[in-house]
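For reference, the chains in residue letters:
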Amino acid sequence: MDSFERQRVLDEEHLRLLRIGYLTMGGVAAFTGLFGLFYVFMGAVMASVMRIPPKGPGQPPPELFAWFFVGFGLLFMILAGTYAALAFVTARSLRMRRSRTLCLVTAGLSCLYIPFGTLLGIFTFNVLGRPSVQSLFSAPPLPLPPPLTPPPPPQTSSVA
């Protein structure tokens, strides 16, 4: 095996591992986003319980504090869901060897997910910065594999 073939196999393996990393981080981000539901629920319960008029003429109503919880939970869910979708799209782009810029942007955002996202982002910058990998992304995209078809149902013999 010559050095060119060896580098190609190494690049393919590193891109496969990055893809697995982004699929994992996307799943973790999607699961983490569900914790925002806790804040939404907690804020909604507090808002329904705190139906007390303000004590002074210039004070905000007490349930406003509860709506901050709802807003924080919704914002947390939206941000986590957006990152999860971006990670899944990046995993697909790595598989098809397309959208290198998207992969680099996602790597930068992944660095905010300390510590595993930071490692994933740094490894992505390292792998996608190689000239041999850049040439893979400039080549025509790889076709998607055909969808799996279910096996035909077993034939039963009827005895009359």
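In this report, we go over the structure that sits alongside the text.

Quick look at the packing of aromatic side chains
One pass over the full model with this rule turns up seven aromatic pairs. Here the aromatic rings of F65 and F69 are separated by 5.3 Å at their centres, their planes lie at 80°, and the arrangement is edge-to-face. Here F65 pairs with F69, and both are found in helix α3 (residues 63-96), just four residues apart, close to one helical turn. With relative accessibility at 48%, the residue F65 sits in the partly exposed group. Both rings, one in Y83 and one in Y113, keep their centres 4.9 Å apart while their planes meet at 25°; by these two values the pair is stacked.

Thoughts on helix α6 (residues 131-138)
Taken as a whole, α6 has its buried residues at V133, L136 and F137. All buried residues of α6 project into a common sector of 95° when viewed along the axis, lining one side. Opposite the buried face of α6, by more than 90 degrees, sit the exposed residues P131 and S138.

Here's the deal with the nonpolar core
If you look at the biggest cluster of nonpolar residues, it comprises 18 residues, and the most contacted ones within it are L15, Y22, L94, L128 and F137. Elements that contribute at least two residues to this core include exactly α1 (3-33), α3, α4 (100-110), α5 (116-128) and α6. For F137, the contacting residues outside a window of four places in its chain are L15, S93, L94, R97, R98, S99, R100, C103 and L128.

Reading guide: rules and limits
- Residues numbered from 1 in each chain as written.
- Predicted model: local features only at pLDDT ≥ 70, side-chain atom pairs only at ≥ 80, totals over all residues.
- Heavy atoms only, no water.
- Phe/Tyr/Trp six-rings, centres within 6.5 Å; stacked < 30°, edge-to-face > 60°.
- Helix = DSSP H or I, 4+ residues; strand = E, 2+ residues; numbered from the N terminus.
- Buried < 20%, exposed > 50% of the residue type's maximum accessible area, 1.4 Å probe, protein only.
- Arc of directions from axis to C-beta.
- Core = buried A, V, L, I, M, F, W, Y, C linked by side-chain atoms within 4.5 Å.
- Contact = heavy atoms within 4.5 Å.

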